[in-house]
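# Results of the structural survey
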Amino acid sequence: MTTHWLAIDTATDLASVAVSTPDRMVTQSIRGARQHAAQIVPLIQQVLAVAKLRLGEITGIIVGDGPGSFTGLRIGWAAAKGIAHDRELSLVAIPSLLGAAHTAHRETAGPVVACFDALRGQVFGAMYEFAAGRVETLLPPGVFTLAELARVAPARPVLALGDGAERYRDEIVSWIGRPPVGLATLPPIAESLLRLSSYEGARRELDDTDTAEPEYGRPAEAQVKWEARYGRPLPNSSR
């Protein structure tokens, strides 16, 4: 039986959706975090229309696991969980930073560092290396300043990419000796999530679609302010 997996990623300003068919992958993307809520479902519909597939033919969902934009992740996960729950489909998560790093692995050999802008002078960062259909996580996703990231990285990357790397361009150039690469110049992350689904150790199986949550990386700004004001953890928070 032919399987068709649908991938959704909304961890960054550039949201993307992709679907696999027997002979190709179909992808669509939109830029602008404020459009995610209104456009993610139409984006899914567009991808299915181009691929000439019905939603009922989808056999599983892959969702970008962050870390990244709190609001963006909630939107993407709500869509993924809703489809998986309604149609009783398998739901798996793959780190969005891993997906970003994978978009560029064919263009270079060696460690790749992916950085999403985390604001507050920090980035969500991780480092990976790819070879022969497998991935090695050299540094798992975390929140760092660029100086901290360079200090804890186990190797000097040959490439840095993502909006976080672009924001701190000078620091990236000083660290690795070349400018960062923007996500807009690379294949959409959702496409990489589909390709990574067969990589050992890349995916996180989500057995309960009702309670599953993404790896936000850190609490939302509103949660931080609430906890600072009241001096206690926010009940039922994402922490």
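Let us look at the pattern of salt bridges. Summed over the entire model, instances satisfying the criterion amount to six salt bridges. The salt bridge involving R167 is made with D117; its shortest N-O contact spans 2.7 Å. Here the residue R167 occupies a position in helix α5 (residues 163–167), and D117 occupies one in strand β6 (residues 112–119), the gap between them amounting to 50 residues. For D117, a relative accessible area of 23% corresponds to the partly exposed category.

Sheet architecture is open: six strands sit in the order β3-β2-β1-β4-β5-β10, paired in mixed fashion. The open sheet has two free edges, formed respectively by β3 (25–31) and β10 (204–205), since each of these has just one partner strand. Alignment of strand β1 (residues 5–9) against strand β4 (residues 60–64), held across four bridges, turns out to be parallel. Residue pairing across strands places A7 opposite I62, the latter belonging to β4. Along the sheet, helix α7 (residues 189–196) makes contact with β1, β2 (14–20), β3, β4 and β5 (90–94), crossing β1 at roughly 135°.

Counting across every chain of the model gives one cavity of 30 Å³ or more. Put simply, the largest cavity is a space of about 50 Å³. Considering the residues around the largest cavity, the lining is formed by T12, L14, S16, S29, L183, L186, P187, P188 and I189.

What helix α6 (residues 169–176) keeps buried is the set I172, W175 and I176. Viewed along the axis of α6, the buried residues span an arc of 70°, placing them on a single side of the element. Across from the buried face of α6, at angles greater than 90 degrees, the exposed residues are D170 and S174. Buried-residue contacts for α6 involve β6, β7 (122–131), α4 (146–152), β9 (159–161) and α5. Of the residues one or two after α6, G177 is the one with positive phi, at around 85°.

A separate point is the layout of surface pockets. It is the rolling of a water-molecule-sized probe over the atoms that shows where space remains empty. Roughly 150 Å³ of volume is contained in the second largest pocket. Forming the walls of the second largest pocket are 14 residues, and the residues nearest its centre are D65, P95, Y128, P141 and A202. Of the residues assigned to the lining of the second largest pocket, the class counts are seven nonpolar, three polar and four charged.

The next point concerns the sheet that holds strand β8 (residues 134–144). The strands that make up a sheet pair up through hydrogen bonds in the backbone, lying either parallel or antiparallel. Across the sheet, which stays open at both edges, the four strands sit in the order β8-β7-β6-β9 with mixed pairing between neighbours. Edge positions in the sheet fall to β8 and β9, since each of these pairs with one other strand and no more. Neighbour to neighbour, the strand axes of the sheet diverge by 20° on average, direction disregarded. Inspection of the sheet shows β7 paired to β8 by eight bridges, in the antiparallel sense. Bridging from a neighbouring strand, Y128 pairs with T137 of β8.

Scoring rules and cut-offs
- Every chain's residues receive numbers from 1 upward, in the order its sequence appears when written.
- This being a predicted model, a pLDDT of at least 70 is required before a residue's local features are given, and a value of 80 or more before pairs of side-chain atoms are given or counted; all residues contribute to the totals for chains, interfaces and linings.
- No hydrogens and no water enter the side-chain calculation; it runs on all heavy atoms of the structure.
- Counted as salt bridges are all cases of a side-chain nitrogen of Lys or Arg within 4 Å of a carboxyl oxygen of Asp or Glu.
- Only DSSP runs of H or I covering at least 4 residues are called helices, and only runs of E covering at least 2 are called strands; the numbering of each starts at the N terminus.
- When a residue's accessible area, from a 1.4 Å probe over protein chains only, is under 20% of the maximum for its type it is buried; when over 50% it is exposed; and in between it is partly exposed.
- Two strands are counted as paired when DSSP detects at least two bridges linking them.
- Residue contacts are counted whenever heavy atoms from the two residues lie within 4.5 Å of one another.
- Lines are fitted to the C-alpha atoms to define the axes, a helix being fitted only along its stretch in contact, and any angle between axes, read from their N-to-C directions, falls within 0 to 180 degrees.
- The method works on a 1 Å grid over the protein atoms by themselves. A cavity is a set of points holding a 1.4 Å probe that cannot get out, a pocket is an open set with protein on both sides within 12 Å along at least five of seven lines, and residues with an atom within 4 Å of a point line them.
- Grid points are joined across faces, edges and corners, and a volume is the space filled by probe spheres set on the points.
- By construction, the arc corresponds to the directions joining the helix axis to the C-beta atoms.
- Lys, Arg, Asp and Glu make up the charged group, whereas Ala, Val, Leu, Ile, Met, Phe, Trp, Tyr, Cys and Pro make up the nonpolar group; the residues left over, Gly among them, are polar.

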